[in-house]
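# Observations on chain architecture
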Amino acid sequence: MAKPLKIDFHIHTISTIKDPDFDFDLSILNQYINEMKLDCIAITNHNVFDKNQFEVISKNVNAKVFPGMEVDIEDSHLLVITDIHQISELESATEILNKKIVDKKSFISFEEFET
């Protein structure tokens, strides 16, 4: 039987309007990954994907890193996790979401998400 994977697909690295203010620290993320013995993580900030930060994290942690984001849809949150080949889609989604989600109460509809 294969060893089960330890995964955390809900990691925030950027303080957005949806989060309390915080400063990201790569060494703390690495400490968390090592202490929890994680095999994989996903960077899933609220409605934002930062390619440069994703690349820095991917090169400097001891786990496989997936790109993603946490999208505010109809007062809910949906984790969207992709592979490395869909980063441009996440960057495009960030531009669209930044225009529509402008405060803590903003969100998009499910129909908007599908398009």
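A brief structural summary. (Residues numbered from 1 in each chain as written. Predicted model: local features only at pLDDT ≥ 70, side-chain atom pairs only at ≥ 80, totals over all residues. Heavy atoms only, no water.)

## Some points on the pattern of salt bridges
Inspection of every chain in the model, using the stated rule, returns three salt bridges. In this structure, Lys 100 engages Glu 112 in a salt bridge whose closest nitrogen and oxygen atoms are separated by 2.9 Å. Here Glu 112 lies in helix H4 (residues 110-114) and Lys 100 lies in helix H3 (residues 87-100), a separation of 12 residues in the sequence. (Salt bridge = Lys/Arg side-chain N within 4 Å of Asp/Glu carboxyl O. Helix = DSSP H or I, 4+ residues; strand = E, 2+ residues; numbered from the N terminus.)

## Looking at unusual backbone geometry
One non-glycine residue with positive phi stands out, namely Glu 74, at about 45°. Tracing the sequence through the fold places Glu 74 in the loop between strand E3 (64-73) and strand E4 (76-81). Given the relative accessible area of 40%, Glu 74 is considered partly exposed. (Buried < 20%, exposed > 50% of the residue type's maximum accessible area, 1.4 Å probe, protein only.)

## Examining the sheet that holds E4
A sheet is described by the order of its strands in space; here four strands give the open sequence E1-E2-E3-E4, paired in mixed fashion. Of all strands in the sheet, those bounded by a partner on one side alone are strand E1 (7-11) and E4. Adjacent strand axes in the sheet meet at a mean angle of 25° when their direction is disregarded. As judged from the three bridges shared by E1 and strand E2 (residues 40-43), these two strands associate in the parallel manner. From the neighbouring strand, Ile 11 faces E2, where its bridge partner is Ile 43. (Pairing = 2+ DSSP bridges. Axes fitted to C-alpha atoms, helices over the stretch in contact; angles between N-to-C directions.)

## What about a nonpolar patch on the surface?
Together, Leu 78, Phe 110 and Phe 113 make up a nonpolar patch on the protein surface, roughly 230 Å² of accessible area in all. For Leu 78, the position within the fold is in strand E4. (Patch = residues over 30% accessible without salt bridge, like charges linked within 9 Å, V, L, I, M, F, W, Y side chains within 5 Å. Areas by Shrake-Rupley, 256 points an atom, 1.4 Å probe, with all protein chains shown as cover.)

As far as function goes, none of this settles anything; it's purely spatial.
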